[in-house]
Amino acid sequence: MPVRPNPSGSNAPQRRPVRLRGRRRLGRRRRQSGGHRVRRVPCALCRHVGRRGSRRHVRVDRFASAQRELIVAAIGGSLGVDPNRPFCVECLAALERMILARQIVSDDGRTFFVDRLLSPHPIMPLAMRLEAGEEPRGRGVTICFIDSGFVAHPDLVLPDDRIVAMYDANTGRRLSPSARQRGEPPISAWHGTMTAASATGSGHLSGGLYRGLASEARLVLVATMTPWGGIRTPQVVRALEWVLKMRERYEIRIVNVSLGIDETTDSLEHPVVDLVEKLVDLGVVVVAAAGNGPDEPIVPPAWSPSAITVGGIDDANSPEPWRWGIWWGSHGRSYDGAHKPEIVAPAIWLPAPILDQTPVRREADALFAMATADDHALMRMIPGLAHSTLVGPALVTVRSPRLARSIIHRRMHDEKLITACYKHVDGTSFAAPIVSAIVARMLEVNPALTPADVRAILLATAVRLPNVPVERQGAGVVRAAAAVEAAATARRMGPERD
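## A short note on the side chain of Ser148
Here is step 1: Along the chain, Ser148 turns up in the loop between strand E7 (142-147) and helix H5 (154-157).
Here is step 2: Under the relative-accessibility criterion, Ser148 is labelled buried at 3%.

So this is what it looks like as structure tokens:
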């Protein structure tokens, strides 16, 4: 080893200084990671090795997406991987693109949005979920809907106009059924139109797919919502009084009431209860929604002893009973001590039409137009269509087609869209019309049935959900086909019963 001169005068050999580049880098890593050595972590999907916190590896909660819960569900459920592990950005992007592609499906010229948090297929028609069949359809039976308000939606007037009368209980004026709404319909029209169409709609805007169980029944529509958005006892009383007066003229056999008044009562002399009892005594079947608050009491008209009060189930968009569960609606007892509700029906994932000439319909059209375009067309569409949606400010700032689709699909999920013309709704307000439609089917095959006959058949043919208290479900889930078959049998037995 060569010897350098020693300034101190010592003749001891001098060693070359050691370079500590690796140690310095390690020191920096340790300082950046809080003093711990950084270990390489492979992507849980592709096993690519990266470093925790690096650009290419992120956790799902740090991934740029509007549908992280779907990605977590796909990773943890379908792939069986811990979703809390780090993943390649490329893997997460590829997974989301696959999810986005499966959320938009086309069938017979119709485009559907699939809520994959619910099921792998679009919202099913009600007849299929209840295994009710396509016939009968309520021909020759008139159903009166007492609700917030209505418009003459295409599903109610096409291909045949089945609205025979409309009445406004606020003003006391009869409205012309042939009159068509011009401009945006009032907010009061949403609830009533959707309840009527969910039970009796023709499904015209879906090519007949989302038709109600009584799609050929005649309709009498009675509006009760006040201009300031409330429904009070005086309006409901006036509506029932008008129905009582006009029942023979319009041949009303069924009254569906998907609303409740503000006060509770324990008296049969309450005007709403009294009018319900009178209608039933005169041969009119009254069906009422139980309400959606498990801690809220049953109120008139659902409290009326002679009303058929309907609660709800969550059928998970499926005809398979093992998947069904109770919808936590209101429950209680009526004047005579009977359990309310007496029967339950699907109360969620129910298809209903979107009202025309509304911001909701315009947004749905824009969302579906963008969702069905290819990547290049999508990015060109965004500047012109984003302003029609509530996610416009977010859309106009993105440069990635994947992220744009993610935002669009998330909005479609939040708005509960099925197609550009239909969305799914929930509540016992929509369970009650299902029972009313089944009653219309029963009366089509047997017009001689009395309200007592109808009640007895519905309750006798219902099936109870296991592990659900009687007070929450009454006789159980309505069975459309069995009820109609029993009604037809009662027709043959009619002369003997008399």
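## Focus: the side chain of Gln103
Here is step 1: Take Gln103: it is sitting in helix H3 (residues 89-103).
Here is step 2: Here Gln103 falls in the buried class, since its relative accessible area comes to 1%.
Here is step 3: A polar atom in the side chain of Gln103 sits 2.8 Å from the side chain of His409.

## Structural notes on the packing of aromatic side chains
Here is step 1: Evaluation of the coordinates by the stated rule reveals four aromatic pairs.
Here is step 2: Between Phe112 and Tyr210, the aromatic rings sit 6.5 Å apart at their centres with planes inclined by 80 degrees, giving edge-to-face as the arrangement. With a gap of 98 residues between them, Phe112 in strand E6 (residues 110-113) and Tyr210 in the loop between helix H6 (188-200) and strand E10 (218-223) connect regions that are remote in the sequence.
Here is step 3: Given a relative accessible area of 5%, Tyr210 falls into the buried group.
Here is step 4: Taken together, the ring pairs connect Phe112, Tyr210 and Tyr422 into an aromatic cluster.
Here is step 5: Just above the ring of Trp322 sits the side chain of Arg323; from NZ or CZ to the centre is 6.0 Å.

## Let's talk about the state of the cysteines
Here is step 1: In this structure the tally under the stated criterion is zero disulfides.
Here is step 2: Cys91 forms no disulfide, and the closest cysteine sulfur to it belongs to Cys46, at a distance of 3.5 Å.
Here is step 3: We classify Cys91 as buried; its relative accessible area is 17%.

## Focus on unusual backbone geometry
Here is step 1: Each neighbour pair has its own omega, and for Leu158 with Pro159 the value is 0 degrees, a cis peptide bond.
Here is step 2: At the junction of Pro300 and Pro301, the peptide bond is cis and its omega measures out at 5 degrees in the coordinates.
Here is step 3: Despite not being glycine, Gln357 has its phi angle at roughly 60 degrees, a positive value.
Here is step 4: Along the chain, Gln357 turns up in the loop between strand E18 (350-353) and helix H9 (359-371).
Here is step 5: Exposure remark for Gln357: the relative accessible area of 43% places this residue in the partly exposed category.
Here is step 6: Look at Asn467: it is not a glycine, yet its phi comes out positive at around 60 degrees.
Here is step 7: Its location among the elements puts Asn467 in the loop between helix H14 (451-461) and helix H15 (470-473).

## Digging into the packing of helix H10 (residues 375-385) against helix H12 (residues 401-414)
Any two packed helices are characterised by the angle at which their axes cross and by the distance between the axes.
Here is step 1: Direction vectors running N to C along H10 and H12 enclose 65 degrees, while the axes themselves pass 10 Å from each other. Between H10 and H12, the angle falls in the class roughly perpendicular. The hand of the H10/H12 crossing is left-handed. Contacts between H10 and H12 involve Asp375, Leu378, Met379 and Ile382 on the former and, on the latter, Pro401, Ala404, Arg405 and Ile408.

## Let's talk about the environment of Thr265
Here is step 1: One can find Thr265 in the loop between strand E11 (252-257) and helix H8 (271-281).
Here is step 2: Note on Thr265: relative accessible area 16%, which makes it buried.
Here is step 3: The spatial distance from the C-alpha of Thr265 to the C-alpha of Tyr335 is 9.1 Å, given a sequence separation of 70 residues.
Here is step 4: Apart from residues no more than four positions distant in its own chain, Thr265 is found in contact with His270, Val273, Pro300 and Trp303.

Rules and cut-offs
- Residues numbered from 1 in each chain as written.
- Predicted model: local features only at pLDDT ≥ 70, side-chain atom pairs only at ≥ 80, totals over all residues.
- Heavy atoms only, no water.
- Helix = DSSP H or I, 4+ residues; strand = E, 2+ residues; numbered from the N terminus.
- Buried < 20%, exposed > 50% of the residue type's maximum accessible area, 1.4 Å probe, protein only.
- Polar contact = N/O pair within 3.5 Å; in protein donor to acceptor, adjacent residues only side chain to side chain.
- Phe/Tyr/Trp six-rings, centres within 6.5 Å; stacked < 30°, edge-to-face > 60°.
- Lys NZ or Arg CZ within 6 Å of the ring centre and 35° of its normal.
- Disulfide = S-S within 2.5 Å.
- Axes fitted to C-alpha atoms, helices over the stretch in contact; angles between N-to-C directions.
- Parallel < 35°, antiparallel > 145°, perpendicular 65-115°, else oblique.
- Left-handed = near helix turned anticlockwise from the far one by under 90°.
- Contact = heavy atoms within 4.5 Å.

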